[in-house]
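Architecture at a glance
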Amino acid sequence: MAENQTGSSPAFGHLRLLDYIIVICCVLRILVWELPVFLTPSVFYRTESSTSFVSNVQYFLVRKTNRLLNPAGLRWLTRPGSEYVNPVLTSKRYRPYHSNINHTIARTDFNGFWIMQSSLQKPKPPASSDMTIFYLRGGGYILSQPAHYLLFLLRLGEAILEQGISVSIFALDHSLAPEHVFPTQMKETAAAYEYLIHEEHVSLEKIILAGDSAGGHLALSFLVHLANQQSSSGTVLAKPRGLALMSPWLSLHNELPSSRTNSHKDVLSAPFLRQVARQFLGHDVAAGDDPKSRLNSPYLEFLTPEPAIKWDTVLPSWVWVSVGTDEIFFDNVKTWVKYLEDNLGEARVTFEAGPNKVHVWQ
């Protein structure tokens, strides 16, 4: 139930002496140099801004911390999953249902958590739910755990239940890079999808695949895989009913204008994303003979894939995509959605752009 959730990366929440030194140096660099340089213009030159001064400082600190720390340091800052689970389960809101929340599924081919099954009060097998959300978390493939999303997913489930729709939510706990490089995460997603269908007997018409940031990237990678592969049982696995993407990471190149024009607004930065890509692809890919062509693989690149992706075949019958206008991903997402609308029809794609919102604002 309230698991520590460190299996996907033994280093989660723990630091070696060298890592502590890196964290201390990072903090000192930000406080002594980076932050004063950032604050000086705002003190002497007041400008109109769509976000508050406090928010701008917070986004700056997140950007710099992400850029300067290694995966071990970032994981240490976010803390182990148990430190997020226990406060939720013991809260006044969820204490009465604590035994029905966050059930662990530990397998040799994947790990995950049933956040809820049909309802909070009276759980039922997921197959009986009107909807099953298969959630893939963000974190750049190098950090975060399902527990960090527990409260968000519970609130999402409650909002759906209030509409009179019974819902089950399964969150995949995919392995983290650099300990486990791609396509490990895609294979785990495929194994979990087969588990939902063949063992939990969830109807494909009831499955909604959802993900944020790198989880959105993983969702699309899995759907491309699904369109090209057969299950281990030898039968073809069909697509889920729908796809919901929040601030998806669509291109490892990040070359469109918003990657530069929004770099001082968003919590992400292009240098951090390049660093993350090296971590989850592995050094052999990053140092390959033709790394750019490898990055254009249809399993990794969704704006300029080589060969081109047949999105009509890959995507479910409906797609919902959301992004903030202040994100460095904004132009990538807008360009991709426009392509889908032009080629698949606007009725199949719903797009929401949050004005003046940053990464994963939803």
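Values in this document were obtained by computation on a predicted structure and should not be read as measured data.

1. A short note on the overall build of the protein chain
Across its full length, the protein chain holds 13 helices and eight strands. Taken over 362 residues, the protein chain has a buried fraction of 51%. When contacts within the protein chain are restricted to residue pairs at least 6 apart in sequence, those whose partners lie at least 24 apart make up 79%. Accessible surface for the protein chain amounts to roughly 16,800 Å². Of this, 57% is attributable to carbon and sulfur atoms.

2. Topic: the nonpolar core
By size, the foremost hydrophobic cluster in this structure holds 72 residues, and its most contacted members are Phe 134, Leu 220, Phe 280 and Trp 336. When near neighbours in sequence (up to four residues on either side) are disregarded, Trp 336 contacts Leu 220, Leu 245, Leu 250, Phe 302, Leu 303, Trp 311, Leu 315 and Val 321. The next biggest cluster of nonpolar side chains, apart from the first, holds 25 residues, and it includes Val 88, Tyr 135, Ala 171 and Ile 208.

3. Some details on the packing of aromatic side chains
What the rule picks out here adds up to 15 aromatic pairs. Consider the rings of Phe 134 and Tyr 193, whose centres lie 6.5 Å apart with planes at 20°: the pair is stacked. Of the two residues, Phe 134 is situated in strand β3 (residues 131–136) and Tyr 193 in helix α6 (residues 184–199); the sequence distance between them amounts to 59 residues. Comparing Phe 134 with Tyr 193 shows no difference in burial state: the two are buried. The interplanar angle of 65° and the centroid separation of 5.9 Å between the aromatic rings of Trp 249 and Phe 280 together place this pair among those described as edge-to-face. On the criterion of sequence distance, the pair formed by Trp 249 in the loop between β6 (242–246) and α8 (258–261) and Phe 280 in helix α9 (residues 270–281) is long-range, its members being 31 residues apart. Neither residue differs from the other here; Trp 249 and Phe 280 are each classed as buried.

How each quantity is defined
- Residues numbered from 1 in each chain as written.
- Predicted model: local features only at pLDDT ≥ 70, side-chain atom pairs only at ≥ 80, totals over all residues.
- Heavy atoms only, no water.
- Helix = DSSP H or I, 4+ residues; strand = E, 2+ residues; numbered from the N terminus.
- Buried < 20%, exposed > 50% of the residue type's maximum accessible area, 1.4 Å probe, protein only.
- Contact = heavy atoms within 4.5 Å.
- Areas by Shrake-Rupley, 256 points an atom, 1.4 Å probe, with all protein chains shown as cover.
- Core = buried A, V, L, I, M, F, W, Y, C linked by side-chain atoms within 4.5 Å.
- Phe/Tyr/Trp six-rings, centres within 6.5 Å; stacked < 30°, edge-to-face > 60°.

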